[in-house]
Amino acid sequence: MFHHTLRLSALALACASLGALADTTIYGKINLSLEHVAARGAGNGQDILPMQRVTSNLSYLGFKGEEDLGDGLKTVWQVEQDINPDNCSGSCGGFANRNSFVGLKGSWGRAIAGRYDMYWTSHIAGMDSRIINAGLAGSILSVFGTFGGYNPTPGNSKRGTAALMGGRAVNVLRYDTPNLDGWTGSLSYATGETRGASGSPSAWQIESDYKKGQLVANLVYLHANDSNGSLTNTSGAAYDGMRTDAAKLVTAWRFDQGTLLGLGAEYLATRYPEGGRVRRMAYAMHLGQSLSPAAYVGMTVGRAGRVNSSVAGAANTDDTGARFISMIASYNLSKRTMVYAEFARLYNAANAGYYFVSTGNLNASGLSAGKGADPRSLMIGMNHTF
């Protein structure tokens, strides 16, 4: 009798587990490319000699689901993490290191808590929609979201500007509005985990999206306290008294002939407690053409303006701008599999240090290219989503 009861209990538990799995979606992306990279022209002679490698371009694995609570209310959850199929060592960035959360949604919108993107990905629909599934070196984030390594007080890391504005922040509370005839909005707040000797960093963001017909547009504003605005894996690096503002507008129009035109502009400013601020503007354009339902070619150009600084005794801001160009050709083998070829290059002024997003200084575990170097990348790759 005892064994019969035990078997029935195990069966009931298995059925309950299968019921839970039925509400769970497993999804992801594997994007690998063969890449040739180099960086030449550094003012201090510290170049990166040409090399070849296999690169993972934001490959990830995720789990998500929802539970119907009745009366139009649902529980929503998601756990997502980076994977690195070509070269995974250690934790590969840790579990749930991408957008991961739990919350509620209904006719009123969605409210969640967890880890979530703030600022850095808001431009994708209007500028990088064709790049996000190709090579990340071609992203406009090579010039958007960064001051190109400028520090008004060289040698003092507590005064450095953000290498990437925003990021995948932790301790996030976020509200998303329902879709109102193509318009959606969101409000996000990232809290500090603890208060330390260098302040208690926090950040908030307001964002507006419009997607209807042939038009896509996004406007986002981020404000960070006690922080230079770098939020990756944190609510902000603790820089007591520092205040950072970032604003970005991107828009794209798809013409009837399959032509895609995207335009973007960005403003960054960091204020220092001793007085003064560092600021700069950046601009971008993407022009692409669908050659068939499966084939696409496109080009992105961008420019980061000269850094302006009013900090007393600040480092020289001459020659701190950069120009960027990337070209892509892609072909969809199916709805989920795409092959692509891509070229990207940065043209740094003598005192600028702009680099490709995610691939960083091209040689992250070794020698870093000096300022004034011109990073370049040529790759062929495949992307598969599931």
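Residues numbered from 1 in each chain as written. Predicted model: local features only at pLDDT ≥ 70, side-chain atom pairs only at ≥ 80, totals over all residues. Heavy atoms only, no water.

**Focus on the packing of aromatic side chains**
Moving on, step 1. Inspection of every chain in the model, using the stated rule, returns three aromatic pairs.
Moving on, step 2. Ring geometry for Phe101 and Tyr116: centres 5.8 Å apart, planes at 55°, overall tilted. One end of the pair, Phe101, is in strand β5 (residues 100-106); the other, Tyr116, is in strand β6 (residues 109-118), with 15 residues separating them in the sequence.
Moving on, step 3. Judged by relative accessible area, which is 15%, Tyr116 ranks as buried.
Moving on, step 4. Relative to Tyr221, the ring of Trp204 has its centre 5.5 Å away and its plane inclined at 65°; by these criteria the two rings are edge-to-face. Of the two residues, Trp204 sits in strand β9 (residues 202-212) while Tyr221 sits in strand β10 (residues 215-225), which places them 17 residues apart along the sequence.
Moving on, step 5. You can call Tyr221 partly exposed: its relative accessible area is 28%.
Moving on, step 6. Over the ring of Phe101 we find Arg110; its NZ or CZ atom is 5.0 Å from the centre of that ring.
Moving on, step 7. Seen from the ring of Tyr296, Arg130 lies directly overhead, with NZ or CZ sitting 4.1 Å from the centre. (Phe/Tyr/Trp six-rings, centres within 6.5 Å; stacked < 30°, edge-to-face > 60°. Helix = DSSP H or I, 4+ residues; strand = E, 2+ residues; numbered from the N terminus. Buried < 20%, exposed > 50% of the residue type's maximum accessible area, 1.4 Å probe, protein only. Lys NZ or Arg CZ within 6 Å of the ring centre and 35° of its normal.)

**What about the pattern of salt bridges?**
Moving on, step 1. Counted under the stated rule, the structure contains 14 salt bridges.
Moving on, step 2. As a salt-bridge pair, Arg174 and Asp176 come within 2.9 Å of each other at their nearest N and O atoms. A single burial state applies to Arg174 and to Asp176, both of which are buried.
Moving on, step 3. We note a salt bridge from Arg280 to Glu266, for which the minimum N-O separation is 2.7 Å. Separated by 14 residues along the polypeptide, Arg280 in strand β13 (residues 277-290) and Glu266 in strand β12 (residues 259-271) bring together distant segments of the chain.
Moving on, step 4. Since its relative accessible area comes to 1%, Glu266 is described here as buried.
Moving on, step 5. Three or more residues are tied together by salt bridges with common partners; here these are Glu66, Lys74 and Lys105. (Salt bridge = Lys/Arg side-chain N within 4 Å of Asp/Glu carboxyl O.)

**Points about the environment of Arg159**
Moving on, step 1. Topologically, Arg159 is positioned in the loop between α2 (124-128) and β7 (167-176).
Moving on, step 2. Between the C-alpha atom of Arg159 and that of Ser227, which follows or precedes it by 68 residues, the distance is 9.7 Å.
Moving on, step 3. When near neighbours in sequence (up to four residues on either side) are disregarded, Arg159 contacts Asn151, Pro152, Thr153, Met242, Tyr272, Pro273 and Glu274. (Contact = heavy atoms within 4.5 Å.)

**Observations concerning the environment of Asn84**
Moving on, step 1. For Asn84, the location among the structural elements is in the loop between β4 (73-82) and β5.
Moving on, step 2. Owing to a relative accessible area of 29%, Asn84 belongs among the partly exposed residues under this scheme.
Moving on, step 3. Here the alpha-carbon distance between Asn84 and Ile30, two residues 54 residues apart in the chain, equals 8.4 Å.

**Examining the pairing of β12**
Moving on, step 1. Inspection of the sheet shows strand β11 (residues 243-254) paired to β12 by 12 bridges, in the antiparallel sense. Pairing of Arg254 across the sheet is with Leu260, part of β12.
Moving on, step 2. With antiparallel pairing between neighbouring strands as the criterion, β11 and β12 make up a hairpin whose turn holds four residues, including Gly258 at a positive phi of roughly 95°.
Moving on, step 3. As paired elements, β12 and β13 share 13 bridges and run antiparallel to each other. (Pairing = 2+ DSSP bridges.)

**Things to note about the pairing of strand β1 (residues 24-40)**
Moving on, step 1. Bridge count between β1 and strand β3 (residues 60-70): six bridges; the pairing is antiparallel. Bridge pairing in β3 places Gly28 opposite Leu61.
Moving on, step 2. Looking at chain direction, β1 and strand β18 (residues 374-385) are connected through 12 bridges and run antiparallel. In the sheet register, Asn31 faces β18, and the bridge partner there is Asn383.
Moving on, step 3. The sheet contact formed by β1 and strand β2 (residues 48-56) spans seven bridges and is antiparallel. Opposite Ser33, over in β2, you have Thr55 as the bridge partner.

**Regarding the confidence of the model for the protein**
Moving on, step 1. Chain-level statistics for the protein give a pLDDT mean of 87 and a share of 87% at 70 or above.
Moving on, step 2. Between residues 10-15, whose pLDDT stays under 50, and residues either more than four places distant or in other chains, the model counts zero contacts. (pLDDT = per-residue confidence, 0-100.)

**Re the environment of Met127**
Moving on, step 1. Locating Met127 in the fold gives a position in helix α2.
Moving on, step 2. For Met127, a relative accessible area of 2% puts it in the buried group.
Moving on, step 3. With 124 residues separating them in the primary sequence, Met127 and Thr251 have C-alpha atoms 7.4 Å apart.
Moving on, step 4. For Met127, the residues in contact, after removing those within four places along its chain, are Ile140, Gly262, Leu263, Gly264, Ala284, Met285 and His286.

**Considering unusual backbone geometry**
Moving on, step 1. The backbone of Asp226 shows a phi angle near 50°, a positive value even though the residue is not glycine.
Moving on, step 2. Within the element layout of this structure, Asp226 appears in the loop between β10 and β11.
Moving on, step 3. A positive phi angle is found at Asp319, which is not glycine, with a value near 55°.
Moving on, step 4. Given the relative accessible area of 45%, Asp319 is considered partly exposed.

**A word on a nonpolar patch on the surface**
Moving on, step 1. Judged by side-chain polarity, Leu69, Leu104, Trp108, Leu173, Tyr175, Leu187, Tyr189, Trp204 and Ile206 come together as a nonpolar surface patch covering roughly 820 Å² of accessible area.
Moving on, step 2. The set of elements that each furnish at least two residues to the nonpolar patch consists of β7, β8 (183-190) and β9.
Moving on, step 3. Here Trp108 lies in the loop between β5 and β6. (Patch = residues over 30% accessible without salt bridge, like charges linked within 9 Å, V, L, I, M, F, W, Y side chains within 5 Å. Areas by Shrake-Rupley, 256 points an atom, 1.4 Å probe, with all protein chains shown as cover.)

**A few points about the side chain of Glu342**
Moving on, step 1. You can see Glu342 is positioned in strand β17 (residues 337-348).
Moving on, step 2. In this structure the side chain of Glu342 is engaged in a polar contact, spanning 3.2 Å, whose partner is the backbone nitrogen of Gly135.
Moving on, step 3. Ignoring any residue separated from it by four or fewer positions in sequence, one finds Glu342 in contact with Ile131, Ala134, Gly135, Leu136, Ala137, Gly138, Met327, Ile328, Ser377, Leu378 and Met379. (Polar contact = N/O pair within 3.5 Å; in protein donor to acceptor, adjacent residues only side chain to side chain.)

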